[in-house]
Amino acid sequence: MNRSQTIIPFASMAILALAGCTAITASGEGPRVVDQAPPALPAQPVELGPQTLAPDECALFLWTAAEPRRLIFFTKALSGTGKLSLQGKEVELTQSAAGGDLFGQFMTETDFNAPGQTVTVSVVPGEDIEDGQRINSGKILLRDAEGWETIMPVLGLRACQPAD
């Protein structure tokens, strides 16, 4: 077999493979060809700075599940707000809904609004510890205005500052 005979079958297979490619839309409507690439994924989260609690105050702290662990989410109990580290900056969140199971002063499913996206925090509470409780696993789901989703696995801690 000479060189031209080898290239033709290879080129034919490549053309057929490319012809069969389609993109899946974020709407879940199934495969269809789209003219644009999906938006770039958010940059790796940058760690939030130190957070403080007053006596008798409780908070939820979430870190990235992957090494190196970085504090990326924080909310104080009953505050209705939160903080998320996203795209290299701290983003203020406003709570819009809560559901699931109660653990301490928190719920296992909480929705927040952020500029241009919604944030859903889902956690699986673990063992009780002194002045708090471990979060064995969880996820932060980011959904932008176009419906694209990013999921960040997390783990964490619900902790309370003891009274004076």
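Treat the numbers as computed from the prediction; the structure is a model and nothing was measured.

How each quantity is defined
- Residues numbered from 1 in each chain as written.
- Predicted model: local features only at pLDDT ≥ 70, side-chain atom pairs only at ≥ 80, totals over all residues.
- Heavy atoms only, no water.
- Disulfide = S-S within 2.5 Å.
- Helix = DSSP H or I, 4+ residues; strand = E, 2+ residues; numbered from the N terminus.
- Buried < 20%, exposed > 50% of the residue type's maximum accessible area, 1.4 Å probe, protein only.
- Polar contact = N/O pair within 3.5 Å; in protein donor to acceptor, adjacent residues only side chain to side chain.
- Contact = heavy atoms within 4.5 Å.
- Pairing = 2+ DSSP bridges.

J.: Which parts of the structure should I look at to understand the state of the cysteines?
T.: In a disulfide, the sulfur atoms of two cysteines are held together by a covalent bond. Under the counting rule described, the total for this entry stands at one disulfide. With a sulfur-sulfur separation of 1.9 Å, C58 is cross-linked through a disulfide to C160. Between C58 and C160, the S-S dihedral sits near 105 degrees, and the bridge is therefore right-handed. Of this pair, C58 sits in strand 3 (residues 58–64) while C160 sits in strand 10 (residues 149–160), and the two are 102 residues apart along the sequence. Overall, the relative accessible area of 6% leaves C58 in the buried class.

J.: Sorry, what's going on with the side chain of Q133 here?
T.: If you trace the backbone, Q133 turns up in strand 9 (residues 132–144). Given a relative accessible area of 9%, Q133 falls into the buried group. At 2.9 Å, the side chain of Q133 forms a polar contact with the backbone oxygen of G126. In this structure Q133 touches F103, P125, G126, E127, D128, L157 and R158, once residues within four positions along its chain are discounted.

J.: Please clarify how unusual backbone geometry should be interpreted in this entry.
T.: Glycine aside, residues mostly have negative phi, and peptide bonds are mostly found in the trans state. That bond from E67 to P68 is cis: its omega, -10 degrees, falls within 30 degrees of zero. Structurally, P68 can be placed in the loop between strand 3 and strand 4 (71–76). In this structure, L78 is a non-glycine residue whose phi angle is positive, near 60 degrees. With respect to the helices, strands and loops of the structure, L78 is situated in the loop between strand 4 and strand 5 (81–86).

J.: Sorry, what's going on with the pairing of strand 6 (residues 89–103) here?
T.: Within a regular strand, side chains alternate between the sheet's two faces. Here six bridges tie strand 5 to strand 6, and the two strands are oriented antiparallel to one another. Note that in strand 6 the partner of K83 across the bridge is E92. Linking two consecutive strands that pair antiparallel, namely strand 5 and strand 6, is a turn of two residues; a positive phi of about 50 degrees is found at Q87 within it. Pairing of strand 6 with strand 7 (residues 106–114) involves seven bridges; the strand directions are antiparallel. Across the sheet, T94 pairs through a bridge with N113, a residue of strand 7. Count of turn residues in the strand 6/strand 7 antiparallel hairpin: two residues, of which G104 carries a positive phi of about 60 degrees.

Honestly, it's all geometry; don't read function into it.
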